[in-house]
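Remarks on the overall topology
Now for the letters of each chain:
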Amino acid sequence: MKKHTSIKWVATGMALAALGLAGCTSTVSKGVNDQGQAQEVVFPDIDKTSGVPEGIFPNVENMRKIGPGVTKDDLYYLIGRPHFRETKGAREWDYVMKFREAMNGPVTVCQYKVIFDGNMKGQSFHWKPSECARFIGGVPEAPRVISLKADALFAFDRHSLADMRPEGRAQLDQLAGQLKALGQDARMNIVGHTDRLGSNAYNQRLSQLRANTVREYLVSQGLPAGNMRAVGMGESQPVVQCSQRNRPELIACLAPNRRVDVEVSGVQQ
């Protein structure tokens, strides 16, 4: 009986360890991809922190050093370990921060999230509420979005440089010149989108490949590769809804959804 009991405890321990490891790689947000972007950013319940439900007063200067490419070791040094049970393998780290408007003013409690890419480098950063960003240097301006029509860039249902239309190359040549003029601090998030025709998996792949191609072309025009990320969002972010039953008419109506958006941020004023 004693031997069986020992085996039972070992098995239980292994099961708990497996559950712990699974929790390390879980995410709260939805649709987190290998580029460190989420289709929907979700914050954990603030009362589920691991010991700091009231939050901490962060070093604001250290917060300002956090940006794309930050490692978990960097974050640990700058603002400490995450405040929820998120370990080395987690794709998100969450914090609870406290700030004061004035020396003796009321305390504002904020949540801060870092989402990591497939190489565990921080790539997107989020506040809840979003107005909390002002405590580390003002509310950042929304990225400037340059939307390119996919139908002008590529032949229908295509995605490679070989499939790029002449007018698409001309658009990207002009865009490259504009982006170069913004300086070395400009960051570009290149986001591919499709319409709803086809399967979700196919559209996701097509949107990613088109974003990759646009990034590749801009790099070939002299823009720094390290300043650009390519992300595919598939059919998840339509700008128009169409109900035509005639397929050619439906394809034409859905054209605005087939696009590649270039989100530009970090521009020096």
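Scroll up for the structure.
Let me begin by describing the structure that accompanies this report. (Residues numbered from 1 in each chain as written. Predicted model: local features only at pLDDT ≥ 70, side-chain atom pairs only at ≥ 80, totals over all residues. Heavy atoms only, no water.)

What follows deals with the packing of aromatic side chains. One pass over the structure, following the stated rule, counts five aromatic pairs. Ring geometry for Tyr 95 versus Tyr 112: centroids 6.4 Å apart, planes at 45°, classification tilted. Placement of Tyr 95 in strand 1 (residues 92-100) and of Tyr 112 in strand 2 (residues 107-116) is noted, with a sequence separation of 17 residues between them. On the basis of relative accessible area, Tyr 95 is assigned to the buried category, the value being 0%. Pairwise contacts between aromatic rings join Tyr 95, Phe 99, Tyr 112, Trp 127 and Phe 135 into one cluster. Seen from the ring of Phe 43, Lys 113 lies directly overhead, with NZ or CZ sitting 5.3 Å from the centre. (Phe/Tyr/Trp six-rings, centres within 6.5 Å; stacked < 30°, edge-to-face > 60°. Helix = DSSP H or I, 4+ residues; strand = E, 2+ residues; numbered from the N terminus. Buried < 20%, exposed > 50% of the residue type's maximum accessible area, 1.4 Å probe, protein only. Lys NZ or Arg CZ within 6 Å of the ring centre and 35° of its normal.)

Below, the discussion takes up the pairing of strand 1. A large share of strand 1 lies buried, amounting to eight of its nine residues. In this sheet, strand 2 lies alongside strand 1 in antiparallel orientation, the contact comprising nine bridges. In the sheet register, Met 97 faces strand 2, and the bridge partner there is Cys 110. Adjacent in sequence and paired antiparallel, strand 1 and strand 2 are bridged by six residues. (Pairing = 2+ DSSP bridges.)

The next point concerns the sheet that holds strand 1. A sheet is described by the order of its strands in space; here three strands give the open sequence 1-2-3, paired in antiparallel fashion. Pairing within the sheet leaves two strands with one partner each, and these edge strands are strand 1 and strand 3 (122-128). Taken over all neighbouring pairs, the strand axes of this sheet differ in orientation by 25° on average, direction set aside. Helix-sheet contacts for helix 3 (residues 72-79) involve strand 1 and strand 2, and the interaxial angle to strand 1 is about 20°. (Axes fitted to C-alpha atoms, helices over the stretch in contact; angles between N-to-C directions. Contact = heavy atoms within 4.5 Å.)

Another aspect to go through is the nonpolar core. Grouped together as the largest cluster of nonpolar side chains are 22 residues, with contacts concentrated most on Leu 172, Leu 175, Met 188, Ile 190, Val 214, Leu 218 and Val 262. Of all elements in the fold, only strand 4 (144-149), helix 5 (166-180), strand 5 (187-193), helix 6 (200-220), strand 6 (228-232) and strand 7 (259-265) reach the threshold of two or more residues within this core. One finds Leu 75, Tyr 95, Met 97 and Phe 99 within the second-largest nonpolar core, a separate group that totals 19 residues. (Core = buried A, V, L, I, M, F, W, Y, C linked by side-chain atoms within 4.5 Å.)

It is worth spelling out helix 5 at this point. With 15 residues, helix 5 should cover 21 Å at 1.5 Å per step; its first-to-last C-alpha distance of 21 Å lies within 8% of that length. Taken residue by residue, helix 5 has Gly 168, Leu 172, Leu 175, Ala 176 and Leu 179 as its buried positions. Buried residues along helix 5 cover an arc of 105° about the axis, so they all sit on one side. Seen from the buried face of helix 5, the exposed residues on the opposite side, beyond 90 degrees, are Pro 166 and Gln 174. (Expected span 1.5 Å × (residues − 1). Arc of directions from axis to C-beta.)

In this section: the environment of Lys 98. Counting through the fold element by element, Lys 98 comes out in strand 1. Ignoring any residue separated from it by four or fewer positions in sequence, one finds Lys 98 in contact with Glu 54, Gly 55, Ile 56, Phe 57, Pro 58, Val 107, Thr 108 and Val 109.

Quick look at the sheet that holds strand 6 now. The sheet built from four strands is open, its strands ordered 4-7-5-6 with mixed pairing. The outermost strands of the open sheet, each flanked by one partner alone, are strand 4 and strand 6. Averaged over neighbouring strand pairs, the angle between their axes works out to 20° when direction is ignored. Taken together, the six bridges between strand 4 and strand 7 define a ladder with antiparallel strand orientation. Looking at the pairing, Lys 149 lines up with Arg 259 of strand 7. Contacting strand 5, strand 6 and strand 7, helix 6 crosses the sheet at an angle of about 160° to strand 6.

Our next topic: helix 3. Restricting attention to buried positions, one finds in helix 3 the residues Lys 72, Leu 75, Leu 78 and Ile 79. Projected onto a plane normal to the axis of helix 3, the buried residues spread over an arc of 125° and lie on a single side. Opposite the packed face of helix 3, turned more than 90 degrees from it, sit the exposed residues Asp 73 and Tyr 77. As for helix 3, its buried residues are in contact with helix 2 (60-63), strand 1 and strand 2. Gly 80 occupies a position one or two residues after helix 3 and carries a positive phi of about 90°.

This paragraph deals with the pattern of salt bridges. Enumeration according to the criterion identifies nine salt bridges in this entry. Linking Asp 45 and Lys 48 is a salt bridge whose minimum nitrogen-to-oxygen distance equals 3.6 Å. Relative accessible area serves as the criterion here: at 45%, Asp 45 is assigned to the partly exposed category. Here Lys 48 falls in the exposed class, since its relative accessible area comes to 56%. Ionic pairing is found between Lys 113 and Asp 94, a salt bridge with its closest N-O pair at 2.9 Å. Linking Lys 113 in strand 2 with Asp 94 in strand 1, this pair joins segments that are 19 residues apart in sequence. (Salt bridge = Lys/Arg side-chain N within 4 Å of Asp/Glu carboxyl O.)

Scope: geometric values only; no functional claims are made or implied.
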